[in-house]
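Structural features, examined
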Protein chains: 2
Amino acid sequence: MATISEVAQRAGVSTATVSRHLRGERVRQADRVLVAIEELGYRPTIAAQSLRSGIHYAVAMVVPDITNPYFASVAKGVESVLRKTPYRIFLANTDESPDLEESILREVAPRVDGIILAPAVEKEEMPLKIRGEGRPIVLIDRELSDKSFDSVLVDNVGGATAAARHLLDLGHSAIALISGPLVNTPGRLRYDAFLRALATAGVTPPPQYREIANFREAGGYEAMMRLLRLPEPPTAVFCANNVMTVGCLKAVADSRLSVPTDISVIGFDDLDLGMLLNPPLTVIDRPSEEQGAAAGKLMLERLRGGRPDVPDRIVMPTRLLARASCAPPRRTRLTITSGGGEMS
Amino acid sequence: MATISEVAQRAGVSTATVSRHLRGERVRQADRVLVAIEELGYRPTIAAQSLRSGIHYAVAMVVPDITNPYFASVAKGVESVLRKTPYRIFLANTDESPDLEESILREVAPRVDGIILAPAVEKEEMPLKIRGEGRPIVLIDRELSDKSFDSVLVDNVGGATAAARHLLDLGHSAIALISGPLVNTPGRLRYDAFLRALATAGVTPPPQYREIANFREAGGYEAMMRLLRLPEPPTAVFCANNVMTVGCLKAVADSRLSVPTDISVIGFDDLDLGMLLNPPLTVIDRPSEEQGAAAGKLMLERLRGGRPDVPDRIVMPTRLLARASCAPPRRTRLTITSGGGEMS
DNA sequence: GTGAAAGCGCTAACAT
DNA sequence: ATGTTAGCGCTTTCAC
């Protein structure tokens, strides 16, 4: 690999001039330098740049699970923006574990210029420390208790409220909720907003209708199984994210029940096959790839611009995709016929 | 951040000794060094290590589309293995574009120690060049014309053959195929094996039954639409990957047709909701996360072990998940009633 | 087994 | 606007 001094020599200038040219400063002999760079096929050595300048041209993307289509989509959005820059993306999965997240952050922070993070819990110590060391953090999907961070979110309250109203409008009152953990933003916000919207209409789900699961498929499955086995099962259920909805639907199928005849289901996040299910799934949809792109752009802004006085908090709208998995409640009591079946 | 010389000073040894200790060499004063490292919270600066030693502690993962559940799953597998090592993962999407792939490879190669690649086409120039510079390449899902690369694959031939036999066994003879591009391994192998298996049974699909699409949802949709509009539509179709199967199913739905009454569908790759579809989707399944983990392990082996004389070619088995989307062919002619509908 | 010292390729003062 | 030069933090001869 050619070095900067070879370029300098060939162009008849100093290494400093080449270096300046590289970073976009105005240079008189720009053309000569350019030619030398071309001819030698010169590419700067990132490690040397990093060592000297502290810039790594890398951003970490830390998410609970890249296998969740929502985060995969976010990652794609981020990638599409950073692709056009010299910044590359380190990908890390936290598995929704606060401990793993902390160790990943500690480990990766010194190697990157900034972090795009979907935190497992709302504890801000690590992020605060990292930002304090001059590395911008952009939160995605989830906030921290400390509201001073840049973030790209969706209107969780609006979405959960719309879900509640949709069920209410159809005449449901025995409404259950499979929530995510209350320790992160979307979990808590969707839980609160959904229950508040029900309360406004005079509906208060009993404790056994309020399942707190973990945003994972198995959690959704188990929660739904518990709901269906209740002496008085609900007539409708709201699943607070995509993968729990999958689990929920599998539980319904394994119980030999059908949607929406026996129970109405509405999910947060669309599923790729949502419209192909029988019945097509009613969901609260949100622009995931756009969120990723927004997070990427915000990160670039911070990377270039220095510290802002006020955090940027981008909230994107959700929309209700009313398909056919929600219908008016049945009048008769629900009875479970059987259990078992395929479950991943 | 503490430096190695601070550690050396505190431990009363030279920086060389600390450095040796760090890389696992036997050192007499190991305990003293360890204590100093602990007390100072010392962490080596990767940039300095890279500059000096050429080791980056980074591996690139270059895939066509992280949004494809198969690749997301592979990424998770890779991540789970590398997490326990000092190596981090750069993620890049090629969008199935050979040009983009080439520029990404060129750009990222100097920053990493190795590359896990699912190539868009079978051209091996860039990979050869990169390997020639001492960076191991592990292919995943797809091979190159040059068979000297390490790779982690699935039994495409076995899978496609099983799919063909399944349809044949049900009594189909008007069998169509929505193939991936013939310029990459799974595309070509599945195409060839499927047709060969049919030929063995005396079935030769006419050219209009052989759709060459692009492994994308829209491609699967359009291909299926063309098939369904044929004067004599097929009674069964094999979709060569997950996202094309989704497109295919949407096309069937939009044509107001139903599976398997009007047409049987079998897909390569399971879908998360595959079993929840009506009817549950019959698929050729493969162990994607395990493939990722295998690729990660193979990469680590190469990273530690130096160049092997013979490439490692890991081929994992597929299995047929016979659910209900394939049934014996109908006897009557198929007629399209209508079109239109929701399509992403 | 250990230390001294050179230098990886680059950037950022500083000087001009 | 450009050149000179020190040195970022580490690994690795080389000598002992």
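Read on for a plain summary of the structure.

Parameters and conventions
Residues numbered from 1 in each chain as written. Chains lettered and ligands numbered in written order. Predicted model: local features only at pLDDT ≥ 70, side-chain atom pairs only at ≥ 80, totals over all residues. Heavy atoms only, no water. Helix = DSSP H or I, 4+ residues; strand = E, 2+ residues; numbered from the N terminus. Buried < 20%, exposed > 50% of the residue type's maximum accessible area, 1.4 Å probe, protein only. Areas by Shrake-Rupley, 256 points an atom, 1.4 Å probe, with all protein chains shown as cover. Contact = heavy atoms within 4.5 Å. Buried area = accessible area lost by both parts, 1.4 Å probe. Salt bridge = Lys/Arg side-chain N within 4 Å of Asp/Glu carboxyl O. Near = heavy atom within 4 Å. Polar contact = N/O pair within 3.5 Å; in protein donor to acceptor, adjacent residues only side chain to side chain. Nonpolar A, V, L, I, M, F, W, Y, C, P; charged D, E, K, R; others polar. Core = buried A, V, L, I, M, F, W, Y, C linked by side-chain atoms within 4.5 Å. Axes fitted to C-alpha atoms, helices over the stretch in contact; angles between N-to-C directions. Parallel < 35°, antiparallel > 145°, perpendicular 65-115°, else oblique. Pairing = 2+ DSSP bridges. Disulfide = S-S within 2.5 Å. Left-handed = near helix turned anticlockwise from the far one by under 90°.

**Observations concerning the overall build of chain A**
Counting secondary structure elements, chain A contains twelve helices and twelve strands. Viewed in the frame of its principal axes, chain A has a C-alpha envelope of about 90 × 35 × 30 Å. Counting all 344 residues of chain A, 58% fall into the buried class. By element, 50% of the accessible surface of chain A is carried by carbon and sulfur atoms, the whole surface being about 14,300 Å².

**Here we look at the interface of chain B and chain A**
Counting from both sides, the interface comprises 44 residues of chain B and, opposite them, 44 residues of chain A. Three residues stand out in chain B for area buried against chain A, namely Arg111, Leu273 and Leu276 of chain B, and they jointly supply 15% of the buried area on that side. At the boundary of chain B with chain A, the tally comes to four salt bridges. Lys76 of chain A is the salt-bridge partner of Asp65 of chain B, the closest N and O atoms lying 3.4 Å from each other.

**With respect to the protein's contact with DNA strand C**
Taken together, 24 residues surround DNA strand C, and among them Ile4, Tyr42 and Arg52 of chain A together with Thr17 and Arg28 of chain B come closest. Backbone sugar and phosphate groups make up 61% of those atoms of DNA strand C lying within 4 Å of the protein. A distance of 2.8 Å is found between a phosphate oxygen of DNA strand C and a backbone nitrogen or oxygen belonging to Arg28 of chain B. For DNA strand C, a base nitrogen lies 3.2 Å from a polar atom in the side chain of Arg52 of chain B. Listing elements by their share of the surface near DNA strand C, those giving two or more residues are α2 (15-22) and α4 (46-53) of chain A together with α2 (15-22) and α4 (46-53) of chain B. Of the residues in the surface near DNA strand C, the class split is nine nonpolar, nine polar and six charged.

**Description of the nonpolar core**
One finds Met61, Ile116 and Phe194 of chain A together with Met61, Ile116 and Phe194 of chain B to be the most contacted residues of the largest nonpolar core, which totals 98 residues. With residues near it in sequence (within four places) discarded, Ile116 of chain A still touches Val59, Ala60, Met61, Val62, Val78, Val138, Ile140, Ala295, Gly296 and Met299 of chain A.

**Considerations on the packing of α2 of chain B against helix α3 (residues 30-40) of chain B**
All names here are of chain B. One way to put it is that α2 packs onto α3 with a least axis distance of 10 Å and a crossing angle of 90°. As summarised for this structure, α2 and α3 are arranged roughly perpendicular, according to the angle between their axes. Mapping the contact onto sequence places Val18, His21 and Leu22 in α2 and Ala30, Val33, Leu34 and Ile37 in α3. For the contact of α2 with α3, a count of residues per class yields six nonpolar, one polar and no charged.

**Regarding the protein's contact with DNA strand D**
Near DNA strand D, the surroundings consist of 25 residues, among which Thr17 and Arg20 of chain A together with Ile4, Tyr42 and Arg52 of chain B are the closest. Taking all atoms of DNA strand D within 4 Å of the protein, the share assigned to sugar and phosphate is 58%. Between DNA strand D and the protein, one listed contact pairs a phosphate oxygen with a side-chain N or O atom of Thr17 of chain A at 2.5 Å. Taking Gln49 of chain B, its side chain carries an N or O atom lying 2.9 Å from a phosphate oxygen of DNA strand D. For the surface near DNA strand D, the secondary structure elements donating two or more residues are α2 and α4 of chain A together with α2 and α4 of chain B.

**Details of the pairing of strand β5 (residues 150-154) of chain A**
All names here are of chain A. By the criterion of burial, β5 is predominantly enclosed, with five of the five residues buried. The side-chain alternation of β5 yields two buried faces, one formed by Asp150, Val152 and Val154 and the other by Ser151 and Leu153. Here strand β4 (residues 137-140) runs beside β5; their pairing, made up of three bridges, is parallel. When the sheet's bridge partners are listed, Ile140 is paired in β5 with Val152. Relative to strand β11 (residues 313-316), β5 runs parallel, the two sharing four bridges.

**Comments concerning the state of the cysteines**
Residue and element names in this part refer to chain A. Scanning all chains against the criterion turns up zero disulfides over all chains. Between Cys239, a free cysteine, and Cys248, which holds the nearest cysteine sulfur, the sulfur-to-sulfur gap is 3.5 Å. With relative accessibility at 0%, the residue Cys239 sits in the buried group.

**Structural notes on the sheet that holds strand β12 (residues 319-321) of chain A**
All names here are of chain A. With mixed pairing, the six strands of this open sheet are ordered in space as β7-β6-β8-β9-β10-β12. With one partner strand each, in any of the chains shown, β7 (210-212) and β12 form the two edges of the open sheet. Direction aside, the axes of adjacent strands within the sheet are offset by 15° on average. As paired elements, strand β6 (residues 175-179) and β7 share three bridges and run parallel to each other. Counted as the bridge partner of Leu177 is Arg210 from β7.

**Observations regarding the pattern of salt bridges**
All names here are of chain A. Here the structure, examined in full by the defined rule, presents 36 salt bridges over all chains. The salt bridge partner of Glu102 is Arg106, with a shortest N-O separation of 3.5 Å. Of this pair, Glu102 and Arg106 both sit in helix α6 (residues 98-108), four residues apart, roughly one helical turn. According to the relative accessible area criterion, Glu102 is partly exposed, its value standing at 35%. On the basis of relative accessible area, Arg106 is assigned to the partly exposed category, the value being 40%. A salt bridge links Arg226 to Glu211; its shortest N-O distance comes to 2.9 Å. Residue Arg226 is located in helix α10 (residues 217-228), and its partner Glu211 is located in strand β7; the two are separated by 15 residues in the primary sequence.

**Remarks on the side chain of Asn156 of chain A**
Secondary-structure assignment places Asn156 of chain A in helix α8 (residues 156-169). Those residues in contact with Asn156 of chain A that lie beyond four places of it in its chain are Pro186, Leu189, Arg190 and Phe268 of chain A.

**Some words on the packing of α10 of chain A against helix α11 (residues 242-254) of chain A**
All names here are of chain A. Here α10 crosses α11 at 45°, and the two axes come no closer than 7 Å. If you check the angle between α10 and α11, you find them oblique. Of the two possible hands of crossing, α10 and α11 adopt the one that is right-handed. Here α10 contributes Glu217, Gly220, Tyr221, Met224, Met225 and Leu228 to the contact with α11, which in turn contributes Val243, Met244, Val246, Gly247, Cys248, Lys250, Ala251, Val252 and Asp254.

These figures capture arrangement, not role.
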